[in-house]
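Summary of structural features
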Amino acid sequence: MNLGLKDRVALVAASSQGIGRATAEAFAAEGCRVAMCARNQQTLQAAADKIRKQYGVDVLAEAFDVTDAGAVSRFVAATAQKFGSVDICVTNAGGPPAKGFLAASLDEWQRALDLNFLSTVYFAREVIPHMQRKQWGRIITLTSITTKQPVTDLVLSNAVRAAVVGLVKSLANEFGKDGILVNNVGPGFTATDRLKELATARASSSGKTEQEIFDSWAADAPLKRLGEPREVAETIVWLASERASYITGQTVLVDGGMYKGL
Ligand SMILES: NC(=O)c1ccc[n+]([C@@H]2O[C@H](COP(=O)([O-])OP(=O)(O)OC[C@H]3O[C@@H](n4cnc5c(N)ncnc54)[C@H](OP(=O)(O)O)[C@@H]3O)[C@@H](O)[C@H]2O)c1
């Protein structure tokens, strides 16, 4: 299938590791020019170098925190300056800590809002004018299965990510006339460093081993295994492609069937 993405400019936030990195790689494999960011400069440069070498595409990589609105603005401007446009924007960030409601402090609520909601607003505000000029664009928010089904002890994610879905639907409604498609992708349990972090937290609160925690997550999905970052990335790339040109305002779960609803 020709995805029609060659030479598109794909900005992928929080992309030195995990699902973000796999997404940057998957766009590079389609011949996109890629803009990447993360906080740790060393890890980011190593990922960018590998992608440049492996796929022979132009990569812009800058280290900053996505909760810094000014840094997001400068990065989007630098991407447009280097590549001439920003066609695709995948918003992403680290996940909030695993907590029950009374254990989460007010600072942690503020941080979760900054990290998992406002960072999405910052990117959308900056990329939409570029997309409007071309009358073509794709914004894809990378969130979680929690946008459809709350996960125990992830109250920060369960609550804050719902706001992202409200934003996605609103942007899809407002900017569809400009050829901008806005969708949300929610991974289920996917084998990354973030998942190891959650397993450690869950193991210490439950008295189970980390392996038992991983096994229970796998058993809960009809496919009886965890997801791979590549499987989420390829869904994102397809949604950004010409092959998904009549899909907007949707949440697509990549969860091995774990979501229990209809
Ligand atoms: N893995 C799962 O099972 C799963 C399931 C559902 C939802 N999710 C969500 O999907 C997202 C990605 O998860 P993942 O598993 O790919 O995580 P990961 O493996 O921990 O990777 C996170 C990436 O984001 C970067 N990052 C984190 N905080 C950042 C910040 N403030 N500013 C800029 N970059 C930042 C990290 O680099 P630096 O540390 O250098 O900044 C790293 O490149 C998270 O929001 C997570 O909660 C994951």
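What comes next is a walk through the structure. These numbers come from a predicted model, not from an experiment.

Near the ligand lie 27 residues; those nearest to it are Ser 16, Arg 39, Ala 93, Thr 190 and Thr 192. Note that an oxygen atom of the ligand is positioned 2.7 Å from one of the backbone N or O atoms of Ala 93. At a separation of 3.3 Å, an oxygen atom of the ligand approaches a polar backbone atom of Gly 188. A total of 900 Å² of accessible area belongs to the ligand in isolation, and the protein chains cover 92% of it. The greatest single-element share of the shell around the ligand, amounting to 3 residues, is contributed by helix H6 (residues 193–206). Class assignment for the residues of the shell around the ligand results in 10 nonpolar, 12 polar and 5 charged.

Checked against the element boundaries, Ser 15 lands in the loop between strand E1 (9–12) and helix H1 (18–29). Within polar-contact distance, the side chain of Ser 15 engages the backbone oxygen of Val 12 at 2.8 Å. The contact partners of Ser 15, leaving out residues within four places of it in the chain, are Gly 20, Arg 21, Ala 24, Met 36, Cys 37 and Ala 38.

Now for the side chain of Ser 16. Along the chain, the position of Ser 16 falls in the loop between E1 and H1. Setting aside its immediate chain neighbours within four residues, Ser 16 contacts Arg 21, Cys 37, Ala 38, Thr 43, Leu 44 and Ala 47.

This paragraph deals with the pairing of E1. Residues Val 9 and Leu 11 line one face of E1 and the alternating positions Ala 10 and Val 12 line the opposite face, and both faces are buried. Pairing of E1 with strand E2 (residues 33–38), which is carried by 4 bridges, proceeds in the parallel orientation. Bridge pairing in E2 links Ala 10 to Val 34. Handedness of the β-α-β unit built from E1, H1 and E2 comes out right-handed. Where E1 meets strand E4 (residues 88–91), 3 bridges bridge the pair, whose relative direction is parallel. For Leu 11, the partnering residue across the bridge sits in E4 and is Cys 89.

Definitions and cut-offs
Residues numbered from 1 in each chain as written. Predicted model: local features only at pLDDT ≥ 70, side-chain atom pairs only at ≥ 80, totals over all residues. Heavy atoms only, no water. Near = heavy atom within 4 Å. Polar contact = N/O pair within 3.5 Å; in protein donor to acceptor, adjacent residues only side chain to side chain. Areas by Shrake-Rupley, 256 points an atom, 1.4 Å probe, with all protein chains shown as cover. Helix = DSSP H or I, 4+ residues; strand = E, 2+ residues; numbered from the N terminus. Nonpolar A, V, L, I, M, F, W, Y, C, P; charged D, E, K, R; others polar. Contact = heavy atoms within 4.5 Å. Buried < 20%, exposed > 50% of the residue type's maximum accessible area, 1.4 Å probe, protein only. Pairing = 2+ DSSP bridges. Right-handed = clockwise from strand over helix to strand, strands pointing away.

Honestly, it's all geometry; don't read function into it.
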